[in-house]
Amino acid sequence: MPLPLEEQVALILKGNPGEKPKFWEAVLRKLVTLLPRTDRDALACISGQFAVAARDPSWREVIGKSGLLSFLLDTVPVYYDGVFQGSHPLNKQALRVIANACVDNDENRKVVVASGKLTNMLKMFLSEDHLLPFAVITMLNVCVDYSSAQLQVSNAALSKVLIDLISGERLRACEAHLTQIMTVLELLTNHESEFKICYPRTPAALLTLAINKENRLSSPLDREIFLSICTSALSYLVNRGLQMFFIQNKHFRLLQEAFLQSYIRFETAGEDVEEETKQQLKQVQHGFVTLFADITDVEGFGDVYGIDSEEVGTLVGWLELEKFPQLQNAACLALGNLGRSDESTKKLLPRVGEGMVKILGRSVPGKVRQGERPSLQLTHAALGFAKNLAIPAANKPVLGEMLLKSGTLAGLWEGFGNSQPSMMFAAVSLGRLLLVGCRENVRLVCKPVSIASDEKDENGLASAESSSQGGTATYRTNLDLLYRSATGSPNEDPTKLEAARAVVSAVCRVLSQDPGVLGSSGELEEFYKTHSDIIAGSFTTMLTQAKWPSVKSDAITVLALMASQHPEGSNMALKVVEDTAAEEGVLKALVKAATGDDEMVGKFLGTGDNRVEELEEEKQGKNDEEKETKEVSELVQGLGLEPQQANAQAQKQPERMVKVDRENALVLIAMLLGMFKDQMSPARRRLVEAVLERGGELVVKDREGTS
């Protein structure tokens, strides 16, 4: 008598398919032809044998190629008379074979996916508590690193089945397999279609489970399971649509609570924890920070969670938690997003100012021990938050007291220097915003540094140890410090340009419009005298760069204001135009703005006075320079030119800005000619007169075209 089939299988499985795979494939293929005539109880026994064998990679390949895997996929779920027999052991054993055969084997995964049986089979088996663990493992093993399986599972809406499991009465049945379920859910989010198929409440259901809000778990979650649940929730919340649903249904508190628990319950500091676990925790916490920045940027977030809401109050409280820097980081990013209107930032400042300033104060190099300093990431977030707070005019003086008068920003400018470009840019940008239109803050940065006389150098400059460069920096005022700390790099450096804008667009503009900010005219004159180098350098940087037309326009506007408002400003404007370090570049920029001609400077100044004499001869009937200057001045005066300040709408219209720049450049040049013509060389005066004449003609044409 032949041996029972189960015994034949036992003998077969003693072989080594790694040595003769083709032979063993043929043996199994022969065996598969006998299986349809085998009763299901015997099949269950045989499947159990192959499930154990499939733990061996060499048997996995044979099981797939022999057709055994396909046979089992056609055999389960087990039905009798059309009724699903969930308790039949063949279901469990077949699942074990499928699960084990698909470990690290894409060929077998391909067989499973191609059968079209996977998703219906999983739905049936997930409905049975005793089969649920095997169904979860099967789903995971088929989906890992296999996109088409993930897509098939997603399209079958199996994420909804899993969410129903963890949020319903059957949670205890799957509690031991939460990590695997979360991994499957995370894999499904690799496909954009999943976000449209899943329950919109999916992230909320996951976070509710993570914090065990309803005490439905039989025991507290351990760190590994908690992190897997949070990872899955974060994977779903990258989607904007799910973010909007999450906010509209007021689930933000769940996100805050889960993030907080990652610190309070699961922080690894001081514990003997594997490095991999520590890194996973850091990764999840970083994911929370990123999500707080994204989700608070969702349109309508501020309508659901007002400044006075409990959730915003929680964020405000996080600013003070020095032990939990990522919470502080998330708070800065989230509150920064909430502070995007003048109204909201005015309401926020009294509540957040102290916490934000503490972070920045501790970020100043040398203020605290290295290990106690906030991370660069947190410092950058705090600077960004402060920049939003600095936009409303009402907030500027308050922040000036906190950040400028206290020396905090000065410490950051000096400490960061060129060693941390992104940090330095943010700090300089914050300084510029605090200065724009704020006479109180301009007065603070222009105030001479108070320092003992024996600590000054021979030029009267204050000295301070530079912690960032290990040397000694000298500066007269904090404005001087800002500029010198930011300009040790090429002109293209955005930090250098930002510092120039702080000097020109903020300080020089305020001083032009309100010369009494610094006190008497003598004090203003002294300021211009001692800061002429950084003022000229700032104008040069703005006028000679080509990337930002609006920045160049702003420099021309401020120069025109300086030249036309008061004598001190006029003298400073002349120094800017005649700055020997960048004279030709500045002149070219102004002449081009006034006339549109790139080559006029070279024509008049390129070959010295000989060229001027030639031009004089070409000028028929105009040999009297005084008469010529008078005619040009009368032409300009007849146009009634005054400094023009373009509004935001005009700045978006290039043609309009060309006209504004032309008129401002002509105002500047006319004022300089009228006040300083006796100090000009013949060549320079001829250039200025030619510019005014040609520019004036263009203004007439501009006005005729718009009349």
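Residues numbered from 1 in each chain as written. Predicted model: local features only at pLDDT ≥ 70, side-chain atom pairs only at ≥ 80, totals over all residues. Heavy atoms only, no water.

Colleague: Would you mind showing me how to read the environment of L158 here?
Modeller: Position of L158 relative to the elements: it lies in helix α11 (residues 158-167). Residue class for L158 comes out buried when judged on its relative accessible area of 0%. Residues in contact with L158, not counting those within four places in the same chain, are T119, L122, K123, L126, M139 and V153. (Helix = DSSP H or I, 4+ residues; strand = E, 2+ residues; numbered from the N terminus. Buried < 20%, exposed > 50% of the residue type's maximum accessible area, 1.4 Å probe, protein only. Contact = heavy atoms within 4.5 Å.)

Colleague: Help me out: how do you make sense of the confidence of the model for the protein chain in this one?
Modeller: Caution applies to low-pLDDT regions: their predicted coordinates should not be interpreted in detail. The predicted model of the protein chain averages 88 in pLDDT, with 89% of residues at 70 or higher. Scored below 50 in pLDDT, residues 451-472 makes 38 contacts in the model with residues more than four places away or belonging to other chains. (pLDDT = per-residue confidence, 0-100.)

Colleague: Help me understand the environment of A426, please; the structure alone is not making it clear to me.
Modeller: With respect to the secondary-structure elements, A426 resides in helix α27 (residues 421-435). Put simply, A426 and T495 are 69 residues apart on the chain and 8.4 Å apart in space, counted from C-alpha to C-alpha. Ignoring any residue separated from it by four or fewer positions in sequence, one finds A426 in contact with H380, L383 and K387.

Colleague: Honestly, the pattern of salt bridges in this entry has me stumped. Any pointers?
Modeller: Side chains bearing opposite charge may pair, as long as their charged atoms lie close to each other. The tally for this structure, following the rule as stated, stands at 27 salt bridges. R29 is paired through a salt bridge with E25; the nearest N and O atoms lie 2.8 Å apart. In this pair, R29 and E25 are both assigned in helix α2 (residues 21-34), four residues apart and thus about one turn of the helix distant. Under the relative-accessibility criterion, R29 is labelled partly exposed at 39%. (Salt bridge = Lys/Arg side-chain N within 4 Å of Asp/Glu carboxyl O.)

Colleague: What's the story with α27 in this structure? I'm lost.
Modeller: Working note: α-helix, 3.6 residues per turn, so residues spaced by three or four point in the same direction. Between the first and last C-alpha of α27 there are 21 Å, a value that for 15 residues agrees with the 21 Å anticipated at 1.5 Å per step. Burial runs high along α27: 12 of the 15 residues are buried. Among all positions of α27, only M423, M424, A426, A427, V428, S429, L430, G431, R432, L433, L434 and L435 are buried. For α27, the elements touching its buried residues are α24 (376-389), α25 (396-405), α26 (408-416), α28 (439-446), α29 (478-486) and α30 (494-513). Two residues or fewer after α27 comes G437, characterised by a positive phi angle close to 70°. (Expected span 1.5 Å × (residues − 1).)

Colleague: What is the right way to read the side chain of S159 from this model?
Modeller: Along the polypeptide, S159 turns up in helix α11. Given a relative accessible area of 1%, S159 falls into the buried group. In contact with S159, not counting residues within four places along its chain, are L185, L188, E194, C198 and Y236.

Colleague: Looking at this model, I keep getting lost on the packing of helix α21 (residues 310-318) against helix α22 (residues 325-338). Mind explaining?
Modeller: At their nearest, the axes of α21 and α22 sit 8 Å apart, and the two run at 130° to each other. Relative to α22, the element α21 lies oblique. Handedness of the α21/α22 crossing: left-handed. Residues V312, L315, V316 and W318 of α21 form the contact with α22, whose own contacting residues are L327, Q328, A330, A331, A334, L335 and L338. (Axes fitted to C-alpha atoms, helices over the stretch in contact; angles between N-to-C directions. Parallel < 35°, antiparallel > 145°, perpendicular 65-115°, else oblique. Left-handed = near helix turned anticlockwise from the far one by under 90°.)

Colleague: Honestly, the nonpolar core in this entry has me stumped. Any pointers?
Modeller: Across soluble globular proteins, nonpolar side chains have a tendency to be buried as a group. Ranked by internal contacts, the top residues of the largest apolar core, which has 224 residues, are F50, L178, L255, L335, W413, I535 and F539. Per-element accounting of this core gives the leading share, 11 residues, to α30. The residues contacting I535, other than those within four sequence positions of it, are V503, C508, F527, Y528, M572 and V576. (Core = buried A, V, L, I, M, F, W, Y, C linked by side-chain atoms within 4.5 Å.)

Colleague: What exactly am I supposed to notice about the packing of α25 against α27 here?
Modeller: At their nearest, the axes of α25 and α27 sit 9 Å apart, and the two run at 135° to each other. For the element pair α25 / α27, the angle class is oblique. Between α25 and α27 the crossing geometry is left-handed. Of the residues in α27, those in contact with K396, L399, G400, L403 and L404 of α25 are L430, L433 and L434. When grouped by side-chain class, the residues that make up the contact of α25 with α27 number six nonpolar, one polar and one charged. (Nonpolar A, V, L, I, M, F, W, Y, C, P; charged D, E, K, R; others polar.)

Colleague: I keep staring at the state of the cysteines and nothing clicks. Help me out?
Modeller: By definition, a disulfide links the sulfur atoms of two cysteines through a covalent bond. What the rule picks out here adds up to zero disulfides. Here C102 is not disulfide-linked; the sulfur of C143 is the nearest cysteine sulfur, at 9.8 Å. Sulfur of C446: no disulfide; nearest cysteine sulfur belongs to C508 and is 8.3 Å away. The exposure class of C446 is buried, given its relative accessible area of 5%. (Disulfide = S-S within 2.5 Å.)

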